[in-house]
Amino acid sequence: MIGDSWYIAAMNCHYRFFSLESFFKDASAAGYPAVEVWCGPMHFALDWARHDDPQVLTELANRYGVKIIGICPEQTNPKPANMASRGEEAQERTFATFKNVIDIARDTQAGKIVVTSGWGYLDEPREDAWERSVQMLRRVVSYAAEQGVTPAIEALQCDETNLVRSAEELEQLLDDVHDEHLAVCLDLGAAWRAGDSIDGYFKRFGERVQHLHFSDIGAESHLAWGDGSRDMAADLAALERGGYTGPISFEIVNSRYHTDPATALVQSARQYEKALDTVKEVYQ
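Our subject in this report is the structure included herewith. (Residues numbered from 1 in each chain as written. Predicted model: local features only at pLDDT ≥ 70, side-chain atom pairs only at ≥ 80, totals over all residues. Heavy atoms only, no water.)

**Points about the overall build of the chain**
Alright, step 1. Scanning the chain for helices and strands turns up 9 helices and 8 strands.
Alright, step 2. In terms of overall dimensions, the chain is globule-like: its C-alpha atoms have a radius of gyration of 18 Å, near the 19 Å expected for 284 residues.
Alright, step 3. Dimensions of the chain along its principal axes, counting C-alpha atoms only, are 55 × 40 × 35 Å.
Alright, step 4. Considering the chain as a whole, with its 284 residues, one finds that 55% of them fall into the buried category.
Alright, step 5. Within the chain, counting contacts between residues at least 6 apart in sequence, those at least 24 apart form 79% of the total.
Alright, step 6. Accessible surface, the chain: about 12100 Å² in total, of which carbon and sulfur atoms supply 45%.
Alright, step 7. Between the mean site of the 26 positive side-chain charges and the mean site of the 45 negative ones, the chain shows a separation of 1 Å. (Helix = DSSP H or I, 4+ residues; strand = E, 2+ residues; numbered from the N terminus. Rg over C-alpha atoms; globule rule 2.2 N^0.38 Å. Buried < 20%, exposed > 50% of the residue type's maximum accessible area, 1.4 Å probe, protein only. Contact = heavy atoms within 4.5 Å. Areas by Shrake-Rupley, 256 points an atom, 1.4 Å probe, with all protein chains shown as cover. Lys, Arg positive; Asp, Glu negative; His and termini not counted. Charge placed at Lys NZ, Arg CZ, Asp CG, Glu CD.)

Here it is, written out as structure tokens:
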């Protein structure tokens, strides 16, 4: 039955001026069965040398009856880890950071992390940064496999990187890394900026699409659902056509939600319920 394997997950990106416990409490109250933890340092700090205690995440998940289904570290310029880091010391810091991320996903039983291609300097050949990204991804994916954790890679937007910005470039990188343990995260914001579609992602990647960053889009991306112009029912129908069975993770980022993040969570969850009912009426 349509939607039976799906479940929605809340992300804490727009809770950066509220405590992590408020996020867990509000997500539970809004009816989210799961959360994806974005590792902003105001909530859960980590770098190459140390990280906060993952038991804190586990205790919050248990207290509010939600499951942690993913760990999403900060990794765009100038964040702690860049998959395409240049120089031996920077590369070892990056690998150590991702080892910490993977260990946290293992210890919280999240089972999945979100990764990117990283970024290269604009005053060097792009292919040099590309090769560094490939080599680091191979190391990260190998360690993740040892720990029973799945990395899911997403494209970034064109102002965030000069490496993977589209489904086509993502496919090229996957071919070069050549490790089936590396899954795909479909980020609607990045797909929109690149002119990619949900159907196009599934045509390229099929069952390899195992994670989804789901948000509304208007003049900008990563909005709460109902604040943009996307047709969520049509998007859900595309996910059904693609055979998607993973979580639907609401990545709400825009600063307009910083002072009232709970309303954005509730609004998105109610929009999902309505859109899912619409899809079921049409296709069942």
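**Let's talk about helix H8 (residues 232-242)**
Alright, step 1. Of the positions making up H8, those classed as buried are Met232, Ala233, Asp235, Leu236, Ala237, Ala238 and Leu239.
Alright, step 2. Buried positions along H8 lie against helix H6 (188-194), helix H7 (198-205), strand S7 (209-214), strand S8 (248-250) and helix H9 (261-283).
Alright, step 3. Its side-chain oxygen 3.1 Å from the backbone nitrogen of Ala233, Asp231 forms the N-cap of H8.
Alright, step 4. Gly243, located one to two residues past H8, shows a positive phi value of around 75 degrees. (Polar contact = N/O pair within 3.5 Å; in protein donor to acceptor, adjacent residues only side chain to side chain.)

**Here's the deal with H9**
Owing to its 3.6 residues per turn, the α-helix brings residues three or four apart onto one side.
Alright, step 1. The terminal C-alpha atoms of H9, which comprises 23 residues, lie 33 Å apart, in line with the 33 Å expected from a rise of 1.5 Å per residue.
Alright, step 2. Inspection of H9 places Pro261, Ala264, Leu265, Ser268, Ala269, Tyr272, Ala275, Leu276 and Val279 among the buried residues, and these make up the whole buried set.
Alright, step 3. Close packing links the buried residues of H9 with strand S1 (8-11), helix H1 (20-29), H8 and S8. (Expected span 1.5 Å × (residues − 1).)

**Some thoughts on the nonpolar core**
Alright, step 1. Ranked by size, the top nonpolar core spans 87 residues in total, and within it Phe24, Ile71, Phe214, Leu236, Leu239 and Ile248 carry the most contacts.
Alright, step 2. For this core, the element with the most residues is helix H4 (residues 126-146), which contributes 9 residues.
Alright, step 3. Beyond its immediate chain neighbours, meaning those up to four positions away, Ile71 contacts Val37, Cys39, Val101, Ile104, Ala105, Thr108, Ala110, Lys112, Ile113 and Val114.
Alright, step 4. Of all hydrophobic cores here, the second largest spans 5 residues; its members include Met11, Trp38, Cys72 and Val114. (Core = buried A, V, L, I, M, F, W, Y, C linked by side-chain atoms within 4.5 Å.)

**Considerations on the packing of aromatic side chains**
Alright, step 1. Counted by the stated rule, this structure contains 11 aromatic pairs.
Alright, step 2. Each ring, one from Phe23 and one from Phe24, has its centre 5.6 Å from the other, and the planes form 75 degrees; the classification is edge-to-face.
Alright, step 3. Taking the relative accessible area as the measure of exposure, Phe24 reaches 0% and is therefore buried.
Alright, step 4. Relative to Tyr244, the ring of Phe202 lies with its centre 6.2 Å away and its plane at 70 degrees, an arrangement referred to as edge-to-face. (Phe/Tyr/Trp six-rings, centres within 6.5 Å; stacked < 30°, edge-to-face > 60°.)

**Digging into the pairing of strand S3 (residues 67-72)**
Alright, step 1. Most of S3 sits inside the fold, with 5 of its 6 residues counted as buried.
Alright, step 2. Bridge count for strand S2 (residues 34-38) against S3 is 5 bridges, and the pairing is parallel. Note on S3: the bridge partner recorded for Val35 is Ile68.
Alright, step 3. Note that the unit made of S2, helix H2 (residues 54-64) and S3 has a crossover that is right-handed. (Pairing = 2+ DSSP bridges. Right-handed = clockwise from strand over helix to strand, strands pointing away.)

**Here's the deal with the side chain of Ser117**
Alright, step 1. Here Ser117 lies in the loop between strand S4 (112-115) and H4.
Alright, step 2. The contact partners of Ser117, leaving out residues within four places of it in the chain, are Met83, Ala84, Ser133, Ile153, Thr161, Leu163, Val164 and Leu173.

**A short note on a negative patch on the surface**
Alright, step 1. A cluster of acidic residues, Glu127, Asp128, Glu131, Asp175 and Asp176, forms a negative patch at the surface.
Alright, step 2. Elements with a minimum of two residues in the negative patch: H4 and helix H5 (167-177).
Alright, step 3. It is H4 that contributes the most residues to the negative patch, 3 residues altogether.
Alright, step 4. Structurally, Asp128 can be placed in helix H4.
Alright, step 5. Residue classification places Asp128 among the partly exposed residues on the basis of a relative accessible area of 36%. (Patch = residues over 30% accessible without salt bridge, like charges linked within 9 Å, V, L, I, M, F, W, Y side chains within 5 Å. Salt bridge = Lys/Arg side-chain N within 4 Å of Asp/Glu carboxyl O.)

Geometric values such as these leave the question of function open.
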